[in-house]
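# Chains, contacts and geometry: an overview
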Amino acid sequence: MLTTRHDAVVVQGITGKQGSFWTERMREVGTNVVAGVSPGKGGRQAAGVPVYDSVTEAARQHPIEASVLFVPPMAAKSAALDAIAAGVRDIVFLTEHVPYQDVMHVLAEARDAGARVLGPNTAGLVLPGRASLGIMPAFAENIFRPGSIGVVSRSGSLGTLLALNLVTGGYGESVFLGIGGDPILGTTTLDAVRMLDADPRTEAVVLVGEIGGTMEEDAAGYIAGMSKPVVAFIAGRSAPPERRMGHAGAIVSAGKGDGASKVATLREAGVTVLDVPSQVTAALAERGVLPAEVCSGT
Amino acid sequence: MQLLEYEGKQLLSRAGVRTPDGATVSDPGEAATIAAALGNQVVVKAQVPAGKRGKAGAVRFADSPGEARDAAAELLGRVVGGFTVGEVLVERAAAITGELYAAILNDPASKGPLLLFSTEGGMDIEEVNARNPERVRRLPVDIRAGLSQAAVENLLADSEVPAAAREPLAETLVTLYGLYREADAELVEINPLALTENGGILALDAKIALDPGALARHQGTLPRRSGTGPAATETGLERQARELGLQFIELGGSVGVLSNGAGLTMTTLDAVHHYGGSPANFLEIGGDAYTKAVPALRLVLGNPNVRSLLVNFCGAFARTDVMTEGVLDAIEELRPGIPISFSIHGTGEAEAIAMVRDRLRVEPYEHMDDAVRAAVAAAS
């Protein structure tokens, strides 16, 4: 998943308003967008790249490594399956409100094909100074700059806030992985932490979680064995129980997934847990991770 | 979207899973009539979308129509699990020989459907699982292949289920899985799934939750949640918000909060707590909701306890300039006489900050924490 700027990207749903707007933003930061897909609109140009009817068709003309999906929820399953069938290796599944059973079908196909899915309901992936696949403000220099901190976040807006705090404090990011706000995700917190642990550019991990589900707890066992420092912020610790706070996954039920349980489990695994996001730089410094010279992109 | 028990049982019957004879009523007199028609002992069950009804005293046994009427009269209008009881289900009490547990749910860990089965039905399955995890059997399902009768029979092979019940039970579990798929359910949980004489299977309860994202493709084929309506704790402002399609929760404090995105909004509330304040509300205006800034702000200010307003935006996909413009329009229209502090970062921040300066003569804070501290100080 840790794409380089040379990796060829296709944008599915490129002729839509958001698809074309964000394709231009992605290209501005150096993302190698080679084609777009919009069924029935093949042969046109959009956001400066040729449009095809399917990823399968686009793949005949271009080598394609990754796909970004700006596709409406009911069309998302067939779009993702098209990308998998065309041999796309990394799929950034931005769409929100995709039926869960459609998602599970896509994830089963992806697993068999060896493809990785980020999302659904994610803000995407940013490799500062190299590429952006999604709807994060990768072009904002006060939020993203090349560095050594790997950020994993369920939420786009909150992930942006943590990234802002990192850059304000003199740090930069090796990668920002938006994993998504849905209960069923292609890349779980555990999967994401494993990727960052294996990533040579990443020196420390900032984990941005939230109440609901048990994904953070499920990652704790692995984190306990990591040598890279992990710092975490869990949103919603002050939320009243049994009230759904926006994200479909963010509900605390039957004593599971509440903030206290997540914080206790993560602390036991050696994670520094923050009370507010602005503490992130002090926590990293305390863990021996200091702001470094800006790294160059590849 | 959790269905009421009787709505879930309608789906079960339609799929071919047996449920007790009975009817749903909203009047004690009708409960007596139904009880008389059913004969023998009946069960009167409050219809609310909440668990642990038995422990809450919301499931009553009645030996006569008169007792059924009394039970219904006691339950109707009561608040159970946060919901006002508007209907009760009156059912014939079943003669059973055993209680099982069965569920199919979306499993985040295996990223697919998961069948759960236990012979310790009728209990809180979380408790069974905590005490004896091996008493809860798990079968992950490949959603493309589906659940086969053979796989279920294999799961039941060395269980305590009586031999005569195994085949009908396996058939029932396959039927439940079919219902889960057809209805795009997030959860189909039957607890207890009862065994009766001669290997019969009877669903005594039904907890079915449907995927809200999939409802569009089931128009007219699934029950519409009508029953008891919203939570009994829903406030007037929360009802208005629901009708506007906004996520708004009243929290009882004095700092009004306007933020974008679920994660950032929860974080804003956490920060208000951290700096010694108490938030008045959860209100998310990310996504398309920024177009509703005027009604959103009206909701926040509609709470008479609000003494300061905190606007915290961090734009990724959501453009802070667009959201800020909506909020400034709303402020100019509603003219709240309370201090407002802003923290604005991310997509569109330069334009958004300039707008706040020009139109309100207010300087947004550079750090979110400072905006939060100011709002907390102003509210205390």
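Higher on the page you've got the structure.
So, a few notes on the structure that sits alongside this text. Just so we're clear, the structure is a prediction, and the values are computed from it rather than from any experiment.

## A short note on the overall build of chain B
The number of helices and strands found in chain B is 12 helices and 17 strands. Its C-alpha atoms put chain B at 80 × 50 × 40 Å along the principal axes. Counting only contacts in chain B whose residues sit at least 6 apart along the sequence, the fraction spanning at least 24 positions is 68%. Of the accessible surface of chain B, which amounts to about 15,600 Å², a share of 49% is contributed by carbon and sulfur atoms. Computed over 34 positive and 50 negative side-chain charges, the separation of the two mean positions in chain B equals 1 Å.

## Topic: the interface of chain B and chain A
Contacts between the two partners involve 51 residues from chain B and, on the opposite side, 58 residues from chain A. The junction of chain B with chain A conceals about 4,100 Å² of combined surface from both sides, 62% of it contributed by carbon and sulfur atoms. There are 4 salt bridges connecting chain B and chain A. Take the side of chain B that touches chain A: its biggest share by element is 10 residues, from helix α8 (residues 262–274) of chain B. Of the residues that constitute the side of chain B that touches chain A, the class distribution is 20 nonpolar, 16 polar and 15 charged.

## Description of the sheet that holds strand β6 (residues 90–93) of chain A
All names here are of chain A. Taken together, 7 strands build an open sheet; the order of strands is β3-β4-β2-β1-β5-β6-β7 and the sheet is mixed. Edge strands, defined here as strands with exactly one partner in the open sheet, are β3 (45–46) and β7 (116–118). Note that strand β2 (residues 33–37) and strand β4 (residues 49–52) share 2 bridges and pair parallel. Within β4, the position partnered with valine 37 by the bridge is tyrosine 52. Lying on the sheet, helix α3 (residues 73–85) is in contact with β1 (9–12), β5 (66–69) and β6; it crosses β6 at an angle near 165°.

## Thoughts on the packing of aromatic side chains
We describe a pair of aromatic rings using the distance from one ring centre to the other and the angle between the two ring planes. Applying the stated criterion across every chain yields a total of 4 aromatic pairs over all chains. For the pair tyrosine 177 of chain B and tyrosine 180 of chain B, a centre-to-centre distance of 5.6 Å together with 35° between the ring planes defines the contact as tilted. Here the residue tyrosine 177 of chain B and the residue tyrosine 180 of chain B both occupy positions in helix α6 (residues 163–182), the gap between them amounting to 3 residues, near one helical turn. The exposure classification of tyrosine 177 of chain B matches that of tyrosine 180 of chain B, with both residues buried. In this structure an aromatic cluster arises from ring pairing among Phe21, Trp22 and Phe139 of chain A. Over the ring of phenylalanine 21 of chain A we find arginine 25 of chain A; its NZ or CZ atom is 4.5 Å from the centre of that ring.

Conventions and cut-offs
- Residues numbered from 1 in each chain as written.
- Chains lettered and ligands numbered in written order.
- Predicted model: local features only at pLDDT ≥ 70, side-chain atom pairs only at ≥ 80, totals over all residues.
- Heavy atoms only, no water.
- Helix = DSSP H or I, 4+ residues; strand = E, 2+ residues; numbered from the N terminus.
- Contact = heavy atoms within 4.5 Å.
- Areas by Shrake-Rupley, 256 points an atom, 1.4 Å probe, with all protein chains shown as cover.
- Lys, Arg positive; Asp, Glu negative; His and termini not counted.
- Charge placed at Lys NZ, Arg CZ, Asp CG, Glu CD.
- Buried area = accessible area lost by both parts, 1.4 Å probe.
- Salt bridge = Lys/Arg side-chain N within 4 Å of Asp/Glu carboxyl O.
- Nonpolar A, V, L, I, M, F, W, Y, C, P; charged D, E, K, R; others polar.
- Pairing = 2+ DSSP bridges.
- Axes fitted to C-alpha atoms, helices over the stretch in contact; angles between N-to-C directions.
- Phe/Tyr/Trp six-rings, centres within 6.5 Å; stacked < 30°, edge-to-face > 60°.
- Buried < 20%, exposed > 50% of the residue type's maximum accessible area, 1.4 Å probe, protein only.
- Lys NZ or Arg CZ within 6 Å of the ring centre and 35° of its normal.

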